[in-house]
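Read off the chains here:
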Amino acid sequence: MATYAIGDLQGCFEPLERLLASIAFDRARDRLWFVGDLVNRGPDSLACLRFVRGLGDAAITVIGNHDFHLMCVAEGVEPKKKRDTLDEVLGAPDRAELLAWLRTRPLMHVEGRFALVHAGLLPSWTVARARGLAAEVEAELRGPDYRAFLARLYGDEPDRWSDDLAGIDRLRVVVNSMTRLRVCDSGGGMMLGFKGEPGEAMSDGWTPWFDMPGRKSADHAIVCGHWSALGVATRPDLLSLDSGCVWGRGLTAVRLEDRALFQVDCRGVRGPGG
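Residues numbered from 1 in each chain as written. Predicted model: local features only at pLDDT ≥ 70, side-chain atom pairs only at ≥ 80, totals over all residues. Heavy atoms only, no water.

Visitor: For this particular structure, what's the right way to read the overall build of the protein?
Guide: Within the protein, the regular secondary structure consists of nine helices and 12 strands. Relative to a compact globule of 274 residues, whose C-alpha radius of gyration would be 19 Å, the protein shows 17 Å and is just as compact. Counted over contacts in the protein with a minimum sequence separation of 6, partners at least 24 positions apart contribute 68%. For the protein, the accessible surface area stands at approximately 11100 Å², while carbon and sulfur atoms represent 49% of it. (Helix = DSSP H or I, 4+ residues; strand = E, 2+ residues; numbered from the N terminus. Rg over C-alpha atoms; globule rule 2.2 N^0.38 Å. Contact = heavy atoms within 4.5 Å. Areas by Shrake-Rupley, 256 points an atom, 1.4 Å probe, with all protein chains shown as cover.)

Visitor: When you look at the layout of surface pockets in this model, what are you seeing that I'm missing?
Guide: Over the atoms, a rolled probe matching the size of one water molecule traces out where space is still vacant. A volume near 730 Å³ is recorded for the largest pocket. Looking at the largest pocket, it is lined by 30 residues, and the ones nearest its centre are Asn-65, His-66, Arg-182, Lys-195 and His-226. Secondary structure elements with two or more residues in the lining of the largest pocket: α3 (65–74) and α8 (167–180). Residue composition of the lining of the largest pocket, grouped by class: eight nonpolar, 11 polar and 11 charged. (1 Å grid on protein atoms, 1.4 Å probe; cavity = no way out; pocket = protein on both sides within 12 Å on 5 of 7 lines; lining within 4 Å. Points joined across faces, edges and corners; volume = space filled by probe spheres on them. Nonpolar A, V, L, I, M, F, W, Y, C, P; charged D, E, K, R; others polar.)

Visitor: Can you walk me through the packing of helix α2 (residues 45–54) against helix α5 (residues 95–103) in this structure?
Guide: Helices that pack against each other are described as a pair by the angle of their axes relative to one another and the distance between those axes. Running from N to C, α2 and α5 cross one another at 65°; their axes reach a closest spacing of 11 Å. Where α2 crosses over α5, the two elements pack in a sense that is left-handed. Contacts from Leu-46, Leu-49, Arg-50, Val-52 and Arg-53 in α2 reach Glu-97, Leu-98, Trp-101 and Leu-102 in α5. When its residues are assigned to classes, the contact of α2 with α5 shows six nonpolar, no polar and three charged. (Axes fitted to C-alpha atoms, helices over the stretch in contact; angles between N-to-C directions. Left-handed = near helix turned anticlockwise from the far one by under 90°.)

Visitor: Would you explain the state of the cysteines in this entry?
Guide: Such a bond, covalent and formed between the sulfur atoms of two cysteines, is termed a disulfide. Counting across every chain of the model gives zero disulfides. With no disulfide of its own, Cys-184 lies 13 Å from the sulfur of Cys-224, the closest cysteine sulfur. Under the relative-accessibility criterion, Cys-184 is labelled buried at 0%. (Disulfide = S-S within 2.5 Å. Buried < 20%, exposed > 50% of the residue type's maximum accessible area, 1.4 Å probe, protein only.)

Visitor: Explanation requested: the side chain of His-109 in the structure shown.
Guide: Within the secondary structure layout, His-109 lies in strand β4 (residues 108–111). Within the local environment of His-109, its side chain forms a polar contact with the side chain of Glu-111, the two groups lying 2.8 Å apart. If we ignore the near neighbours within four places in the chain, the residues touching His-109 are Trp-33, Ile-60, Val-62, Phe-114, Ala-115 and Leu-116. (Polar contact = N/O pair within 3.5 Å; in protein donor to acceptor, adjacent residues only side chain to side chain.)

See the structure below:
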């Protein structure tokens, strides 16, 4: 039995098929962890959703920012964007089942010394605290008023954590950290507009979230994606796996038991939204 963590799919199903063939994935024996962003920008979001849902207990996926965007568009609380490639999902006969399944995925998954999250964690959070905060968001998404929650979710404020936060402000900080975070300012505030490379952030006085001094989640290996400009980064406390498949670069997996890396070339599979 092996567990493979896989970077952002973003609707790129054909590279996933090649990657799973290259590792001889056996759904009866192995498990897959997906870092979120199963959908959007690539050409086959519907196939990605159907496949991962169909794996049942053989797969765990956390929710990414593009997955949230799909939910919000489907509920009519956010407009579609120019580069979205979600129409096939939105028009699918099994749309309701797929969206209900996606909405009930975890925001964060912890197992042993590994913690799976789409983007990152604020430096003041231990993994246990972060998992508890993720559960608060999950309760909203799985509850009867999930549409009202999604309608109030978007926004960049507050940009930092405080134990005094309550209501939608509290939940928004949790979601933004776990699905959008790349860099922080010196006070631990999220600089959510930044999408460049780590060196560009540091020249502005910002720090990648995983390099923040005193980060309390550093006792776990955080398995994440989201930051394609960073690319694959592996170290004892970090496995960052977004290698830019939708941008025509690569799709990456890491076997958690020995941290062996596997990658397939994604040239030629860039979607219309890439």
